[in-house]
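Structure at a glance
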Amino acid sequence: MMNFLVKTIANAGALAVAVWLLDKITLTGDSTGKKVGTLLLVALVFGLVNAVVKPLVKLLTLPLFILTLGLFTLVVNALMLLLTSWLADKVDLSFHVEGFWTAVLGGLIISIVSWALHLVLPDAD
C-alpha cells in the first residue's frame, strides 16, 4: 500500500511539473486545495492507465519498438497522457491536454520527473 501511495505522489508531482511547464496542459480549480485534490485524482487515473492499458499497447506495438529502437515509447507515453486527459474529462476532472505534440512533450517531462522522484522517494512496502 505504501508503494502505491509513493508512486501516486510521484505521478502527481510529475504531472504538476508538466502542467507548470506547458501552457497546453491545463489544470483548473477554484483553490489550491482543489487543484491538489484534482492532481492526485488525475495521478490515480494516470497510474491506472499505465498499469492496465500501457502493457497491452506495448505488446501490440512490439515490432514498432524494435524498429525504432525504443523511440516509439514517446508515442505510447503521449497516447497514455491523452487517454488520461480524455478519462479525466469523462469523470469531470479539470485536467486537459491539448494536442498530440503537447502530449509527447508532456509525456517526456513526466517520464523524466517521475524517474527523478522515484530515485529520491522510498520504494518499499
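Everything discussed here concerns the structure shown above.
This text gives an overview of the structure that appears in the document. This is a predicted model, so every value here is computed, not measured.

**Structural notes on the layout of surface pockets**
Here the largest pocket is characterised by a volume of approximately 270 Å³. If you trace the largest pocket, you find 13 residues lining it, with Lys 7, Asn 11, Gly 47, Asn 50 and His 118 closest to the centre. Residue assignment for the lining of the largest pocket shows that the elements contributing at least two residues are α1 (2-21), α2 (32-60) and α5 (100-120). When residues in the lining of the largest pocket are grouped by element, the largest group, 6 residues, is from α2. Among the residues forming the lining of the largest pocket, the class breakdown is 6 nonpolar, 6 polar and 1 charged.

**So, the nonpolar core**
Counting 29 residues, the largest nonpolar core has Leu 15, Ile 25, Val 42, Leu 81, Phe 95, Val 97 and Ile 110 as the members making the most contacts within it. Elements with a minimum of two residues in this core: α1, β1 (25-27), α2, α4 (72-90), β2 (95-97) and α5. In contact with Ile 110, other than residues within four places in its own chain, are Ala 14, Leu 15, Ala 18, Phe 46 and Leu 81.

Rules of the game
- Residues numbered from 1 in each chain as written.
- Predicted model: local features only at pLDDT ≥ 70, side-chain atom pairs only at ≥ 80, totals over all residues.
- Heavy atoms only, no water.
- 1 Å grid on protein atoms, 1.4 Å probe; cavity = no way out; pocket = protein on both sides within 12 Å on 5 of 7 lines; lining within 4 Å.
- Points joined across faces, edges and corners; volume = space filled by probe spheres on them.
- Helix = DSSP H or I, 4+ residues; strand = E, 2+ residues; numbered from the N terminus.
- Nonpolar A, V, L, I, M, F, W, Y, C, P; charged D, E, K, R; others polar.
- Core = buried A, V, L, I, M, F, W, Y, C linked by side-chain atoms within 4.5 Å.
- Buried < 20%, exposed > 50% of the residue type's maximum accessible area, 1.4 Å probe, protein only.
- Contact = heavy atoms within 4.5 Å.

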